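Summary of the model geometry
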Amino acid sequence: MSTDQQARPAPQQPASSARGVRAAGALCGVLAAAVTLGVAELAAALVGRTASPVVVVGGAFVDRTPRWLKEYAIRRFGEDDKAVLVGGILVVLVLVAAALGAVAVRRLRVGYAGVALLGAVGAAAALSRPQAQPLDALPSLAGALAGAAALHVLLVSAVPGRPVDRSGARRAVPGARRVRERLAAGDRRGGLDRRGLLLAGLWSGVVAVAAGGLGRVLLRRSDAAASRAAVRLPRPASPAPPLPAGVEVAADGVAPFVTPNRSFYRVDTALVVPQVRAEDWSLRVHGMVERELRLDFAELLARPLLERDITLTCVSNEVGGPLVGSARWLGAPLADLLAEAGVRSGATQLVARSVDGMTIGTPVSAVMDGRDALLAVGMNGEPLPAQHGFPVRMVVPGLYGYVSACKWLVDLELTTFDAYDAYWVDRGWAEEAPIKVSSRIDTPKAFARVEPGTTVPVAGVAWAQTRGIARVEVRVDGGPWQEARLGASAGDDTWRQWVWPWAVEGGGSHTLQVRATDADGVVQVEERATPFPSGSTGWHSVVVTGG
Ligand SMILES: Nc1nc2c(c(=O)[nH]1)N[C@H]1C(S)=C(S)[C@@H](COP(=O)(O)O)O[C@H]1N2
Ligand SMILES: [Mo]
């Protein structure tokens, strides 16, 4: 902006330019928010925590999400629910920042107060997280400080009359009063210093991106990928028997018998995958035990390890849903470890804690009843992927994940169900949750076209971990139940594939239904039930079109 333009008296403030000033204020607010987040990210990396504001606010939000919203999010967004939440928080932040900036053009104090309030929200969210440390408040506070400074500089630069001394060099940032005077003056003139706004905007963008980028790089340095790459899994003392021929029924479209790690479903509350290095890992076993145990990763690997095929299932899986998968796990038997610690009589609940504060309560009776409850370190021949709990997680056949499968495990406490409610139980879900006998049609897909007069394989999977699947039946349009052919069994703890050749008759739409029976003779429940509070029930059905 040239000096003579400054000297030229502006015309009466037209409404349009007042709007322009407000818009510029909004832009300044958004840029200041970007600086806030960038600096907070850097601060989080410097204090060695993943407690950047968006993540902690998201985490605090997840912990307080009402059930209907959580269920809606899982149904609507599936495994993208985390990205949707983070995106939502960013959108809200941008809107709030823009509003604050637009107000701050006139009332700078409101701007500062808003930034301080946002910083306080971030800090409070950080401190409210399980396993929080006082340092976790720092990223939000440092970010807010930087954001307030950025807002100040941006607004000063954006309004006309910005101090330019005779040599043309910018003067030091003026005090709040001067800013207010200048803002007021700018307001009267109704104009904007576009060049000043552009320069300050560019600078704040550079600061935001540089700080945020550096923070990211530093955070990545502390991730556990290198540790995972260095892990050599020992051979199991008790290998899994080879999969029998015919576990797969050879129908296109059926979920593979072994779910590859990269497509294994993921369900957890962690917005950022916890990073635990094997070298730093240790497990404490305490509570109602004769002697407390502590064990590190090398000691865990030195124990006799079992390798077992076990199908995992999430309680939130809807009828026909995707939250089920099967893997070959390698791990130390949990019962032996608890026996060494000496479980005191009266201990009914084993509470597993993860590094990010998740708590998962499992019946002691289930762990000790002879099933292959594992402290797992391997999944399909690899160390656990970070998303699936590296370096150590629990796997207990027959129980939904939220009562058995704690990932990033660091602590085991023996207690009673009366004394303690684990995370999801505290939110109303069932204390004990054995997996219900279930089946799913994988092929044909809904609304597929089937040709009358041809034979179409109807196929899928069925599971009733610890009991095993005895029978799967299919029916068409409510007709008689037809017995499907089962794939070979790899044990009672895994799902089974099934197939039934359907001789398609007649055009129009047809409804296929499936139901399974477990080896105890329990038939899959027909009545539809929601996943809450102890797992869905109902027969999966698929409608296809003939002709
Ligand atoms: N630390 C931690 N462990 C957890 C959870 C979690 O949110 N945090 N979710 C549980 C739930 S609900 C399920 S179904 C399984 C899913 O395991 P996966 O993501 O490896 O499939 O992990 C369980 N373990
Ligand atoms: Mo789950």
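Quick caveat: nothing in here was measured; it's all calculated off a predicted structure.

So, the overall build of the chain
A count of helices and strands for the chain gives 14 helices and 19 strands. In terms of its C-alpha atoms, the chain occupies a principal-axis envelope of roughly 90 × 70 × 40 Å. Out of the 547 residues in the chain, the part that is buried amounts to 52%. Counting only contacts in the chain whose residues sit at least 6 apart along the sequence, the fraction spanning at least 24 positions is 76%. About 24,700 Å² of surface is accessible on the chain, with carbon and sulfur atoms providing 57% of the total. Side-chain charges in the chain split into 58 positive and 50 negative, and the spacing between the mean points of these groups amounts to 15 Å.

So, the domain arrangement of the chain
By domain assignment, the chain separates into domain 1 (15-221), domain 2 (261-427) and domain 3 (438-546). Between the C-alpha centres of domain 2 and domain 3 the distance comes to 31 Å. At the interface, 23 residues of domain 2 touch 18 residues of domain 3. Summed over the shared surface of domain 2 and domain 3, the number is 0 salt bridges. At the boundary of domain 2 with domain 3, the tally comes to 6 residue pairs in polar contact (both at pLDDT 80 or more). At the level of secondary structure, the elements contributing two or more residues to the side of domain 2 that touches domain 3 comprise strand 3 (306-313) and strand 4 (324-333).

Description of helix 4 (residues 67-77)
Inspection of helix 4 places K70, E71 and A73 among the buried residues, and these make up the whole buried set. Relative to the axis of helix 4, the buried residues are bounded by an arc of 160 degrees and lie together on one face. Exposed residues lying more than 90 degrees from the buried face of helix 4 are W68, R75 and R76. Buried residues along helix 4 sit against helix 5 (81-104) and helix 14 (423-426). Immediately beyond the C-terminal end of helix 4, within one or two residues, lies G78, with a positive phi of roughly 55 degrees.

Considerations on the sheet that holds strand 12 (residues 449-450)
Pairing is mixed across the open sheet formed by 5 strands, whose spatial order is 12-19-18-14-15. The sheet terminates laterally at strand 12 and strand 15 (482-483), the two strands that pair on one side only. Relative to strand 19 (residues 541-546), strand 12 runs parallel, the two sharing 2 bridges. Residue pairing across strands places V450 opposite G546, the latter belonging to strand 19.

Brief notes about the UniProt feature "transmembrane region" (unreviewed entry) in the chain
UniProt's feature table lists "transmembrane region" (unreviewed entry) at residues 21-40, 83-104, 110-128, 140-159 and 197-219, given in the numbering used throughout. From the first C-alpha to the last, residues 110-128 spans 26 Å; its make-up is 100% helix and 0% strand. For residues 197-219, the end-to-end C-alpha separation is 32 Å, with 100% helix and 0% strand making up the annotated structure.

A closer look at the site of ligand 1
Near ligand 1, the surroundings consist of 20 residues, among which Y265, T269, H388, R393 and K407 are the closest. Y265 is positioned with one of its backbone polar atoms (N or O) 2.7 Å from an oxygen atom of ligand 1. The side chain of H388 places a nitrogen or oxygen atom 2.6 Å from an oxygen atom of ligand 1. Protein contact buries 99% of the 530 Å² of open area that ligand 1 shows by itself. Taken together, the residues of the shell around ligand 1 break down into 11 nonpolar, 4 polar and 5 charged.

What about the UniProt feature "domain: Oxidoreductase molybdopterin-binding" (unreviewed entry) in the chain?
As annotated by UniProt and renumbered to match this structure, "domain: Oxidoreductase molybdopterin-binding" (unreviewed entry) occupies residues 272-424. Summarising residues 272-424: 14% helix, 37% strand, and an end-to-end C-alpha distance of 19 Å.

Concerning the packing of helix 3 (residues 53-64) against helix 6 (residues 108-128)
Taken N-terminus to C-terminus, the directions of helix 3 and helix 6 make an angle of 60 degrees; their axes are 8 Å apart at the nearest point. For the element pair helix 3 / helix 6, the angle class is oblique. Helix-helix and strand crossings are classified by hand; for helix 3 and helix 6 the assignment is left-handed. Note on element contacts: helix 6 touches helix 3 through G122, A125, A126 and S128, opposite V56, V57, A60 and R64.

Considerations on a nonpolar patch on the surface
A cluster of nonpolar side chains, contributed by V92, V96 and L118, occupies part of the molecular surface with about 220 Å² of accessible area. Checked against the element boundaries, V92 lands in helix 5.

The rules we used
- Residues numbered from 1 in each chain as written.
- Chains lettered and ligands numbered in written order.
- Predicted model: local features only at pLDDT ≥ 70, side-chain atom pairs only at ≥ 80, totals over all residues.
- Heavy atoms only, no water.
- Helix = DSSP H or I, 4+ residues; strand = E, 2+ residues; numbered from the N terminus.
- Buried < 20%, exposed > 50% of the residue type's maximum accessible area, 1.4 Å probe, protein only.
- Contact = heavy atoms within 4.5 Å.
- Areas by Shrake-Rupley, 256 points an atom, 1.4 Å probe, with all protein chains shown as cover.
- Lys, Arg positive; Asp, Glu negative; His and termini not counted.
- Charge placed at Lys NZ, Arg CZ, Asp CG, Glu CD.
- Domains from an automatic or database assignment.
- Salt bridge = Lys/Arg side-chain N within 4 Å of Asp/Glu carboxyl O.
- Polar contact = N/O pair within 3.5 Å; in protein donor to acceptor, adjacent residues only side chain to side chain.
- Arc of directions from axis to C-beta.
- Pairing = 2+ DSSP bridges.
- UniProt positions renumbered as here; feature names shortened; annotations may be inferred.
- Near = heavy atom within 4 Å.
- Nonpolar A, V, L, I, M, F, W, Y, C, P; charged D, E, K, R; others polar.
- Axes fitted to C-alpha atoms, helices over the stretch in contact; angles between N-to-C directions.
- Parallel < 35°, antiparallel > 145°, perpendicular 65-115°, else oblique.
- Left-handed = near helix turned anticlockwise from the far one by under 90°.
- Patch = residues over 30% accessible without salt bridge, like charges linked within 9 Å, V, L, I, M, F, W, Y side chains within 5 Å.

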